[in-house]
Amino acid sequence: GPATCFLSHAWNCAYDDLIDCVQQYEQRHPGTFFWFDVFCVNQHRARAFKYTDWCSSLGDSIRACGTVVLCLTPWDNPLVLKRAWCLFEMFTSINDPGVVVEISVPAAQISAFQLCVRANFETIRDALVRADVQNAEASVPDDRERIFEEIESQPAGFDTVNTIVKDHLRNWFLNQCAALAATERDAQLQLCVGNALRQFYQNDRALKILQDCLLQLESDTRDCAECSDPAKSSQCHHRLLQGDAHHALGRLLDNDGHHYEAIGQFQASLAIKAILADHCDIKLSRAQVVSGSRQLLPSSWTAS
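Calculation rules
Residues numbered from 1 in each chain as written. Predicted model: local features only at pLDDT ≥ 70, side-chain atom pairs only at ≥ 80, totals over all residues. Heavy atoms only, no water. Helix = DSSP H or I, 4+ residues; strand = E, 2+ residues; numbered from the N terminus. Buried < 20%, exposed > 50% of the residue type's maximum accessible area, 1.4 Å probe, protein only. Contact = heavy atoms within 4.5 Å. Areas by Shrake-Rupley, 256 points an atom, 1.4 Å probe, with all protein chains shown as cover. Pairing = 2+ DSSP bridges. Axes fitted to C-alpha atoms, helices over the stretch in contact; angles between N-to-C directions. Right-handed = clockwise from strand over helix to strand, strands pointing away. Expected span 1.5 Å × (residues − 1). Salt bridge = Lys/Arg side-chain N within 4 Å of Asp/Glu carboxyl O.

1. Some thoughts on the overall build of the chain
Right, so step 1: Of the regular secondary structure elements, the chain holds 12 helices and four strands.
Right, so step 2: Taking all 304 residues of the chain together, 47% fall into the buried category.
Right, so step 3: Across the chain, every contact between residues at least 6 apart in sequence was considered, and the portion connecting residues at least 24 apart equals 71%.
Right, so step 4: As displayed, the chain offers around 15,900 Å² of accessible surface, 50% of which is attributable to carbon and sulfur atoms.

What follows is the structure, encoded as structure tokens:
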């Protein structure tokens, strides 16, 4: 049957990863026919094709399929972001309102991806926004030059293409994080995701996740007054998360102009951390909490 999904990938990615992404999509959409250049293009004659022929063929194929699956591997340093033709395919797809672009990470890498979201989401965020078309490479140098000429003909040139690609990757990343936070119901994960969404001004989504985080933390809060016992150190960590969540919610409310509500969240954060400084074996002194209070509040609220 006619292809309904265009597979976008770097030629130097692992073949197993590519097939895994195909299988994932097939499981969600049974009966899909894929446009896979390895089989759809005679690779023995590919070098004889002109650049204009490639552009026309790829553009027509993408539009005819209507869906593009982008194989993002390895997840922390995607090869597709380094290849000029891949970025050209991404730009062509994202810029066409009739084309849906889906990003797929190989199943074997998903657990590592999720672990990094919990521990340090900035690593993934930075990897995905590292895309720069001007640094991309192509097997045929002339192709790279022609692709660059095509990009430079766009309004604002490389900046436009980079912005379009990065925005799409960032939205995908934030959607993955939000879905993970909703599924796992892990307070530390929810705090990380809430902060990520807040940093990218998706305040409504961040508010919901941070509120869920606090509800979960408050549901099993324990008295931390006697937490000097190392066996109870988990309680200290629990309360520290609670303080951080109040702080994050306060910053979100302040950004939205809800200053009085924000003050209440900052005060709750300071109260928790002051107790921790007095009773818990953590690297936080009461003096640090008090001196840090000015940093928690906007400068316009503090005395000059």
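2. As for the sheet that holds strand β4 (residues 100-104)
Strand pairs in the sheet, formed through backbone hydrogen bonds, run parallel or antiparallel to each other.
Right, so step 1: In space, the four strands of this open sheet follow the order β2-β1-β3-β4, with parallel pairing throughout. Both edges of this open sheet fall to β2 (34-35) and β4, since each of them pairs with a single strand only.
Right, so step 2: Across two bridges, strand β1 (residues 5-8) lies against β2 in parallel orientation. Its bridge partner lying in β2, C5 is registered against F34.
Right, so step 3: Packing against the sheet, helix α1 (residues 15-28) makes contact with β1, β2, β3 (67-71) and β4, and its axis sits at approximately 140 degrees to β3.

3. As for the pairing of β4
Right, so step 1: With five bridges joining them, β3 and β4 adopt parallel strand pairing. What sits directly across from L70, in β4, is I103.
Right, so step 2: The parallel pair β3 and β4 is bridged by helix α4 (residues 84-94), and the resulting crossover is right-handed.

4. Some remarks on helix α9 (residues 203-219)
Right, so step 1: Relative to the 24 Å expected for 17 residues at 1.5 Å per residue, α9 spans 24 Å between its end C-alpha atoms, a close match to the ideal helical length.
Right, so step 2: Among all positions in α9, only N203, A206, I209, L210, D212, C213, L214 and L217 are buried.

5. Here we look at unusual backbone geometry
Right, so step 1: For the bond running from T73 to P74, omega is -15 degrees, close enough to zero to count as cis.
Right, so step 2: Mapped onto the secondary structure, P74 falls in the loop between β3 and α4.
Right, so step 3: Positive phi outside glycine occurs at Y201, with the angle close to 65 degrees.
Right, so step 4: Relative to the assigned elements, Y201 resides in the loop between α8 (187-199) and α9.
Right, so step 5: In this structure Y201 comes out as exposed when scored by relative accessible area, which is 70%.

6. Comments concerning the pattern of salt bridges
In a structure, side chains of opposite charge can pair up when their charged atoms sit close to one another.
Right, so step 1: Counted according to the given criterion, the structure contains seven salt bridges.
Right, so step 2: R63 is the salt-bridge partner of D60, the closest N and O atoms lying 3.0 Å from each other. Separated by three residues within a single helix, D60 and R63 lie in helix α3 (residues 51-65), roughly one turn from each other.
Right, so step 3: Take D60: its relative accessible area is 44%, and that puts it in the partly exposed class.
Right, so step 4: Residue R63 is classed as partly exposed on the basis of its relative accessible area, which comes to 46%.
Right, so step 5: Salt-bridge contacts for R83 lead to E137; the nearest nitrogen and oxygen are separated by 3.8 Å.

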